[in-house]
Amino acid sequence: MKLKLHWQIFIAMGAGTAFALLFPEQVPYIAPLGVIFMRLLRMVIVPLIMTSIISGVAGIGDSRSLGRLGGKTFAYYATTSMLAILIGLSVTNLIQPGAGVEIAQEQRIHPDDLEKPGSVSDILLRIIPLNPIGAAAEGDVLSIIFFSIIFGFAITRLPDKHSKTLQNFFNAAFSAMMTLTTSLIKLAPLGVLGLIANAVAGMGFDLFAAVGKYMLTITIGLSIHFLIVLPAMFYLFTKRNPLVHYRALASVMVFAFSSSSSAATLPLTMKTMENNVGVSNKVSSFVLPMGATVNMDGTALYEMAGVLFIAQALGIDLTLTQQIIMAVTALLASVGAAAVPSAGLVMIFIVLEAVNITTPAAYAMVGVMLGVDRPLDMFRTVVNVTSDSIGAAIIAQSEGEQLTYKSTAK
Ligand code: ASP
């Protein structure tokens, strides 16, 4: 009997962890499995996003439906991300993980080595690509989404003859991308084995102890969002048992955890939402690619909690206005964060800058946070992806679609 994919992935996770703990020296031999798998997935991301959004938007047809779907999508994204930020704010203020941290000099990673993001207005402006092919070549996902939406919309305005041709073309291209994706996903257990072994082997345990309270705070915040807020949203809008959804999405979550990348998980998320949840291609191809880039609840929570942690550690008292500014920038930072490993951490510079905490000590703290980022990144990616999938389910049902949950992935 063939084992279901999510069990295969679970087993690979356990095996990868055990391998890294038992044979740390041998990890470089299996780590390439993870690298190869990530490369394969990243290879499909740009064409998958482009074809799915263009065919999705062109298929929606009129601007009224598009506006309605877009409105719902953004309302959902903004609501869940703001809730996540509020949770980040509350738990960090309650637990005060920054009070009394002391970090040995040698444990710091130099922040100058980190690539810093542009300003908030920069991020917003850069959504408009100078050259869509260039954006595609660079993998600049926000710009690709922007161009694909307006291009898809333009298709709907063409005379029938042309719009049919282009629609057929993009639908066919999208099917081809999904077929390709489906075959790649079968390799997930091997990829996860390499990814997990490498992640476990790369963790320096001393640093974890020094900032354990900080990690605990983020973990508690993410857990509240993942186990309470998101299921509550799901129940509120679909009147269904959230467990059904979590069960159907199990392999997606495990994969998000192992890969630390919403973008790399996107192909699997789309396939699962269509095959196991019964969400139409029209909704999933619009909501999910956008969600993977724009809707990052876990990252939003993390930005807020992370900056508060730094402020606490440096003994900075934040005014209410400053906290509000932080919340808004944390939201924008989560929108602008690329859906790849550790992107969220780097965006913390934007939030720090917004409230003028730019001393070398603050940057050194970011270096410390980078040292322990991997497990937190894994968890916030799970939260990011779960929120996208719940959004897609809620929106599909609100569009009159029947959700047909199958409890297990194939
Ligand atoms: N790794 C996260 C994601 O892809 C982004 C982050 O670093 O917060 O969803």
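Everything quoted here is computed from the prediction, not taken from an experiment.

### A look at the side chain of Ser55
Phase 1: Relative to the helices and strands, Ser55 resides in helix H2 (residues 27–60).
Phase 2: Look at Ser55 and you get buried, because its relative accessible area is 7%.
Phase 3: Once residues lying within four places of it in the same chain are set aside, the contact partners of Ser55 are Phe170, Asn171 and Phe174.

### Overview of the site of the ligand
Phase 1: Near the ligand there are 16 residues, and of these Ser262, Thr299, Gly344, Asp377 and Arg380 occur at the shortest range.
Phase 2: In the environment of the ligand, an oxygen atom lies 2.6 Å from a nitrogen or oxygen atom belonging to the side chain of Arg380.
Phase 3: Surface burial for the ligand is 100%, taken as the share of its 270 Å² of free accessible area covered by protein chains.
Phase 4: Of all the elements in the fold, those that place two or more residues in the shell around the ligand are helix H17 (343–354) and helix H19 (373–398).

### Re helix H6 (residues 141–156)
Phase 1: Over its 16 residues, H6 runs 23 Å from end to end, which matches the ideal 22 Å to within 8%, given 1.5 Å per residue.
Phase 2: Those residues of H6 that sit buried are Val141, Leu142, Ser143, Ile144, Ile145, Ser148, Gly152 and Ile155.

### Here we look at the pattern of salt bridges
Phase 1: Counted according to the given criterion, the structure contains 4 salt bridges.
Phase 2: For the salt bridge of Glu399 with Arg68, the shortest nitrogen-to-oxygen distance reads 2.8 Å. Taken together, the residues span a long stretch of sequence, with Glu399 in the segment after H19 and Arg68 in helix H3 (residues 63–95) at a distance of 331 residues.
Phase 3: Relative accessible area serves as the criterion here: at 41%, Arg68 is assigned to the partly exposed category.
Phase 4: Between Lys72 and Glu399 there is a salt bridge, with its nearest N and O atoms 2.6 Å apart. Remark: Glu399 occurs in the segment after H19 and Lys72 occurs in helix H3; sequence separation between them is 327 residues.
Phase 5: Within the structure, one salt-bridge network assembled from shared partners comprises Arg68, Lys72 and Glu399.

### Some thoughts on unusual backbone geometry
Phase 1: Positive phi, close to 50°, is recorded for Gln96, a residue that is not glycine.
Phase 2: In this structure, Gln96 sits in the loop between H3 and helix H4 (120–126).
Phase 3: You will see that Asn356, though not glycine, has its phi angle at about 65°, which is positive.
Phase 4: The topology assignment puts Asn356 in the loop between H17 and helix H18 (360–371).

### Considerations on a nonpolar patch on the surface
Phase 1: Taken together, Leu3, Trp7, Phe10 and Ile11 make up a surface patch of nonpolar side chains, about 410 Å² in accessible area.
Phase 2: Along the chain, the position of Phe10 falls in helix H1 (residues 5–22).
Phase 3: On the basis of relative accessibility, which here comes to 37%, the residue Phe10 falls in the partly exposed class.

### A short note on the packing of aromatic side chains
Phase 1: Evaluated as defined, the whole model comprises 11 aromatic pairs.
Phase 2: With centroids separated by 5.5 Å and ring planes inclined at 85°, the aromatic side chains of Phe37 and Phe255 adopt a geometry described as edge-to-face. Placement of the pair is Phe37 in helix H2 and Phe255 in helix H12 (residues 250–259), with a sequence separation of 218 residues. In this pair, the class of Phe37 matches that of Phe255, namely buried.
Phase 3: For the pair Tyr76 and Tyr77, a centre-to-centre distance of 6.3 Å together with 65° between the ring planes defines the contact as edge-to-face.
Phase 4: Judged by relative accessible area, which is 4%, Tyr77 ranks as buried.
Phase 5: Its end group placed over the ring of Tyr235, Lys239 keeps NZ or CZ at 5.8 Å from the ring centre.
Phase 6: The cationic tip of Arg380 hangs over the ring face of Tyr302; the distance from NZ or CZ to the ring centre is 4.1 Å.

### Some thoughts on the environment of Leu180
Phase 1: If you trace the backbone, Leu180 turns up in helix H7 (residues 160–185).
Phase 2: On the basis of relative accessibility, which here comes to 35%, the residue Leu180 falls in the partly exposed class.
Phase 3: Each C-alpha atom of the pair Leu180 and Leu48 lies 9.8 Å from the other, and the pair is 132 residues apart in sequence.

### Focus on the environment of Ser262
Phase 1: Summarising the element assignment, Ser262 is placed in helix H13 (residues 262–275).
Phase 2: In this structure, the C-alpha to C-alpha distance between Ser262 and Ala172, residues 90 residues apart in sequence, is 25 Å.
Phase 3: If near-sequence neighbours (up to four positions away) are discounted, Ser262 is found in contact with Ala292, Ala339, Thr381, Asn384 and Val385.

### Some points on the packing of H3 against helix H10 (residues 212–238)
Phase 1: Between H3 and H10, the shortest axis-to-axis distance is 9 Å and the interhelical angle comes to 140°. Two packed elements cross with a definite hand, and for H3 against H10 that hand is right-handed. Taken together, the residues of H10 that come into contact with H3 (itself represented by Tyr76, Thr79, Thr80, Leu83, Ala84, Ile87, Val91, Thr92 and Ile95) are Lys213, Thr217, Ile220, Gly221, Ile224, His225, Val229, Leu230 and Met233.
Phase 2: For the contact of H3 with H10, the class distribution of residues is 11 nonpolar, 6 polar and 1 charged.

### Here we look at H1
Phase 1: Here H1 is 18 residues long and its end C-alpha atoms lie 25 Å apart, about the 26 Å a rise of 1.5 Å per residue gives.
Phase 2: Those residues of H1 not exposed but buried are Leu5, His6, Ile9, Ala12, Met13, Gly16 and Ala20. Down the axis of H1, the buried side of the element spans an arc of 110°, and every buried residue falls inside it. Exposed residues pointing more than 90 degrees away from the buried face of H1 are listed as Ile11, Leu21 and Leu22.
Phase 3: On its buried side, H1 packs onto H2, H7, helix H8 (188–201) and H12.

Scoring rules and cut-offs
- Residues numbered from 1 in each chain as written.
- Predicted model: local features only at pLDDT ≥ 70, side-chain atom pairs only at ≥ 80, totals over all residues.
- Heavy atoms only, no water.
- Helix = DSSP H or I, 4+ residues; strand = E, 2+ residues; numbered from the N terminus.
- Buried < 20%, exposed > 50% of the residue type's maximum accessible area, 1.4 Å probe, protein only.
- Contact = heavy atoms within 4.5 Å.
- Near = heavy atom within 4 Å.
- Polar contact = N/O pair within 3.5 Å; in protein donor to acceptor, adjacent residues only side chain to side chain.
- Areas by Shrake-Rupley, 256 points an atom, 1.4 Å probe, with all protein chains shown as cover.
- Expected span 1.5 Å × (residues − 1).
- Salt bridge = Lys/Arg side-chain N within 4 Å of Asp/Glu carboxyl O.
- Patch = residues over 30% accessible without salt bridge, like charges linked within 9 Å, V, L, I, M, F, W, Y side chains within 5 Å.
- Phe/Tyr/Trp six-rings, centres within 6.5 Å; stacked < 30°, edge-to-face > 60°.
- Lys NZ or Arg CZ within 6 Å of the ring centre and 35° of its normal.
- Axes fitted to C-alpha atoms, helices over the stretch in contact; angles between N-to-C directions.
- Left-handed = near helix turned anticlockwise from the far one by under 90°.
- Nonpolar A, V, L, I, M, F, W, Y, C, P; charged D, E, K, R; others polar.
- Arc of directions from axis to C-beta.

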